[in-house]
Amino acid sequence: MSRPVFVGQKEYFPSINRIEYEGRESDNPLAFKAYDPDRLVMGKRMEEHLRFAVCYWHTFCSGGADPFGSETRNHEWLIGSAPLAISEQKMDAAFELISKLNVPYYCFHDIDMSAESDSLIATQLHLETMVALAKKRQTETGIKLLWGTANVFSNPRYMNGASTNPDFHVLAHAGAQVKMALDATVELGGENYVFWGGREGYSTLFNTDTKRELEHMAQFLTMARDYGRSIGFKGDFLIEPKPMEPTKHQYDFDAQTVIGFLRHHGLDKDFKLNIEANHATLAGHTFAHDLRMAADANMLGSIDANRGDYQNGWDTDQFPTDLYDCAQAMLVVLENGGFGSGGLNFDAKLRRESTNIDDFFHAHIGGMDSFARGLLIAEKLISSGKLDAIKQQRYRSFDDSTGKQFERGELNLEDLFEFANETGYPEPESGQQELVENLINDAFFQI
Ligand code: XLS
Ligand code: NI
Ligand code: NI
């Protein structure tokens with residue numbers, strides 16, 4: 001377990017050592033209070049339950065710019081004039097931070113790792129060079145790739161969409177990028193491949209053929225699936241739902257919309273969902289709701305861990321700190337039997353006003369401890385069996401006789417009339433919401 005913390009050319013966080021678990025009594029802000037990778041929870045190590053990942057984009061590629069102002073953090077690793085040298089510096093910073101946080105995984109977009117060049121072939125060469133270095137760094141540090149993806153939304157060529165672009169020429173370029181990103185993901189042993197449809201949607205219906213665009217998207221995903229499988233990709237393809245932003249309406253609105261789409265196009269065997277907390281809330285749901293819908297469909301793939309802000313209607317991508325949310329999420333994950341090949345990726349960014357190097361560590365430590373606590377609370381709730389018993393009791397009328405026949409599809413509407421007529425008006429039964437909510441709160445103090 002003693003992995004090196006620094007394998008690059010230059011140490012970018014020299015004042016920080018590896019973050020260790022010190023327990024709940026510790027007052028060291030640079031230590032874990034709850035995340036103890038080796039602690040056994042329901043027979044499995046915490047590290048294997050949570051499968052944390054650091055994201056490349058928010059943490060290493062930008063420094064706090066927003067629509068009203070420029071970067072507030074001028075990262076040393078981004079300084080220079082040669083794109084390849086900058087990519088290498090960035091990678092050194094990434095592997096150092098991830099190692100020091102003792103996080104097992106990372107996630108990246110093609111252009112986070114390697115800049116786009118003036119031709120497709122040059123871009124491919126640049127990416128291949130960086131992938132070779134990433135492979136070396138992975139071996140040296142033991143860090144693994146949770147998922148790769150292609151950024152087909154930032155470049156102005158994608159302003160009208162990627163696979164849903166009205167111009168086939170642009171669609172083909174998105175395909176080229178996805179091909180290269182899939183090659184990179186497979187080369188790095190990536191366990192999943194993500195599609196977040198950033199501009200796969202529309203701004204106005206007056207100029208958009210939504211039917212055609214959705215068919216193009218399905219065709220594109222099918223081609224990506226087929227290519228991925230042909231080069232030996234064994235992991236899950238993941239769609240990350242989001243209802244809007246940057247487009248007014250994004251096609252992958254929420255979990256249920258995506259599930260319907262995947263099933264309709266016969267993609268549900270290869271694709272699962274990557275649920276992001278702040279995207280679920282933008283869609284008017286809770287984080288747990290979208291997770292539940294994905295789990296019910298056997299399509300819970302992975303999580304982009306972050307949170308929104310109750311007062312803001314946009315994707316604030318804050319680090320997750322809300323224990324109630326984390327506990328509810330981990331309850332769904334545990335009930336789902338774990339993540340499979342997914343994990344918890346911190347798709348979250350520091351606030352623009354957080355400008356110390358330490359802030360990166362506080363942010364991730366907070367997120368990791370929050371989910372570790374969420375896991376422990378969920379374990380309490382499951383092992384006490386109380387919630388389960390209440391649920392069982394609530395649905396007991398479907399467990400035998402006529403209710404069971406209904407579930408088996410053995411009744412028709414006339415049978416329902418007959419049954420209702422014979423049994424008379426039912427007595428209302430309490431849903432006991434306050435009781436179950438109290439059970440949740442009690443569990444917070446049992447860990
Ligand atoms: C943006 C998305 C993005 C995806 C990866 O809102 O969350 O970061 O996770 O393309
Ligand atoms: Ni995301
Ligand atoms: Ni997001």
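No experiment lies behind these values; they were computed from the predicted model shown.

Bringing the coordination of the nickel ion (ligand 3) into the picture now. Coordination angles at a metal have ideal targets, namely 109.5 degrees for four tetrahedral donors and 90 or 180 degrees for six octahedral donors. Protein coordination at the nickel ion (ligand 3) comes from Glu276 (OE), His279 (NE2) and Asp315 (OD), with a distance range of 2.1 to 2.5 Å. Summarised as a motif, the one-chain spacing of the donors to the nickel ion (ligand 3) is E-x2-H-x35-D.

Here we come to the confidence of the model for the chain. Here the chain averages 97 in pLDDT, and 100% of its residues register 70 or above. The weakest mean pLDDT in the chain belongs to helix α2 (residues 56-61) at 96; the strongest belongs to strand β6 (residues 192-195) at 99.

Glancing now at the site of ligand 1. In the vicinity of ligand 1, the contacting residues are Trp57, His109, Phe153, Trp196, Glu240, Lys242, Glu276, His279, Asp304, Asp315 and Asp347. Contact distances for ligand 1 include 2.9 Å between an oxygen atom and a side-chain N or O atom of Asp304. Computed on the free molecule, ligand 1 has an accessible area of 290 Å², of which 93% lies beneath the protein chains in the complex. Among the residues making up the shell around ligand 1, the classes are represented as three nonpolar, two polar and six charged.

Turning to the nonpolar core, a few remarks are in order. Residues Leu50, Tyr106, Met113, Phe195 and Phe371 are the most contacted members of the largest nonpolar core, which totals 119 residues. The leading source of residues in this core is helix α12 (residues 357-384), at 12 residues. Sequence-distant contacts of Leu50, that is, excluding residues within four places in its chain, are made with Tyr35, Met330, Phe339, Gly343, Leu344, Phe371, Ala372 and Leu375.

Taken together, Glu240 (OE), Glu276 (OE), Asp304 (OD) and Asp347 (OD) make up the protein donors of the nickel ion (ligand 2), found 1.9 to 2.2 Å from the metal. In this structure, the nickel ion (ligand 2) is surrounded by six donor atoms whose angles at the metal cover 79 to 177 degrees, and the resulting shape is octahedral. Mapping the donors of the nickel ion (ligand 2) onto the primary sequence gives the spacing E-x35-E-x27-D-x42-D. Residue Asp347 is classed as buried on the basis of its relative accessible area, which comes to 7%.

The next subject is the sheet that holds strand β3 (residues 52-55). Backbone-to-backbone hydrogen bonds join strands into a sheet, with any given pair of strands oriented parallel or antiparallel. Read around the closed barrel, eight strands run β3-β4-β5-β6-β8-β10-β11-β12, paired in parallel fashion. Direction aside, the axes of adjacent strands within the sheet are offset by 30 degrees on average. Across five bridges, strand β4 (residues 105-109) lies against strand β5 (residues 144-149) in parallel orientation. Residue Phe108 lies in a different strand from β5, and its bridge partner there is Gly148. Relative to the sheet, helix α7 (residues 210-230) contacts β6, β8 (236-239) and β10 (271-276), its axis offset from that of β8 by approximately 155 degrees.

Let's shift gears to a negative patch on the surface. A cluster of acidic residues, Glu414, Asp415, Glu418 and Glu422, forms a negative patch at the surface. Here Glu422 is to be found in helix α15 (residues 413-423). On the basis of relative accessible area, Glu422 is assigned to the exposed category, the value being 64%.

Take the pairing of β8 next. Neither face of β8 is open: one carries Asp236 and Leu238, the other Phe237 and Ile239, and all of them are buried. As paired strands, β6 and β8 are joined by four bridges and run parallel to one another. Considered in β8, the bridge of Val194 is made with Leu238. Relative to β10, β8 runs parallel, the two sharing three bridges. Within β10, the residue paired with Leu238 across the bridge is Lys272.

Attention shifts here to the pairing of β5. Where burial is concerned, most of β5 is hidden: five out of the six residues are buried. Relative to β6, β5 runs parallel, the two sharing three bridges. Across the sheet, residue Trp147 finds its bridge partner in β6, namely Asn192. Between β5 and its parallel partner β6, the chain crosses via helix α6 (residues 168-187), and the hand of that crossover is right-handed.

Moving on, we come to the pattern of salt bridges. Once the charged atoms of two side chains with opposite charge are near each other, the side chains can pair. Per the counting criterion, the structure on display carries 26 salt bridges. For Lys135, the salt bridge goes to Glu187, with nearest N and O atoms at 2.9 Å. Taken together, the residues span a long stretch of sequence, with Lys135 in helix α5 (residues 120-141) and Glu187 in helix α6 at a distance of 52 residues. Among the ionic pairs, Glu407 bridges to Lys404, the shortest N-O distance being 3.6 Å. In this pair, Glu407 and Lys404 both sit in helix α14 (residues 401-407), three residues apart, roughly one turn of the helix. The partly exposed category is assigned to Lys404, whose relative accessible area is 26%. Ionic contacts of the salt-bridge type, sharing partners, join the residues Asp38, Arg45, Glu47 and Glu48 into one network.

Axes are the key here: two packed helices are described by the angle between their axes and the distance separating the axes. Two elements in contact, α6 and α7, have axes separated by 10 Å at closest approach and are oriented at 30 degrees. By the criterion of interaxial angle, the relationship of α6 to α7 is roughly parallel. The two elements α6 and α7 meet at a crossing, and its hand is right-handed. Residue-level contacts link Leu171, Ala174, Gly175, Val178, Lys179, Leu182 and Asp183 of α6 to His216, Phe220, Ala224, Tyr227 and Gly228 of α7. Its residues assigned to classes, the contact of α6 with α7 comprises seven nonpolar, three polar and two charged.

Cut-offs applied
- Residues numbered from 1 in each chain as written.
- Chains lettered and ligands numbered in written order.
- Predicted model: local features only at pLDDT ≥ 70, side-chain atom pairs only at ≥ 80, totals over all residues.
- Heavy atoms only, no water.
- Donors = N, O, S within 2.8 Å, 3.2 Å for Na, K, Ca; no water.
- pLDDT = per-residue confidence, 0-100.
- Helix = DSSP H or I, 4+ residues; strand = E, 2+ residues; numbered from the N terminus.
- Near = heavy atom within 4 Å.
- Polar contact = N/O pair within 3.5 Å; in protein donor to acceptor, adjacent residues only side chain to side chain.
- Areas by Shrake-Rupley, 256 points an atom, 1.4 Å probe, with all protein chains shown as cover.
- Nonpolar A, V, L, I, M, F, W, Y, C, P; charged D, E, K, R; others polar.
- Core = buried A, V, L, I, M, F, W, Y, C linked by side-chain atoms within 4.5 Å.
- Buried < 20%, exposed > 50% of the residue type's maximum accessible area, 1.4 Å probe, protein only.
- Contact = heavy atoms within 4.5 Å.
- Tetrahedral: all angles 85-135°; square planar, octahedral: opposite > 155°, others 65-115°.
- Pairing = 2+ DSSP bridges.
- Axes fitted to C-alpha atoms, helices over the stretch in contact; angles between N-to-C directions.
- Patch = residues over 30% accessible without salt bridge, like charges linked within 9 Å, V, L, I, M, F, W, Y side chains within 5 Å.
- Salt bridge = Lys/Arg side-chain N within 4 Å of Asp/Glu carboxyl O.
- Lys, Arg positive; Asp, Glu negative; His and termini not counted.
- Charge placed at Lys NZ, Arg CZ, Asp CG, Glu CD.
- Right-handed = clockwise from strand over helix to strand, strands pointing away.
- Parallel < 35°, antiparallel > 145°, perpendicular 65-115°, else oblique.
- Left-handed = near helix turned anticlockwise from the far one by under 90°.

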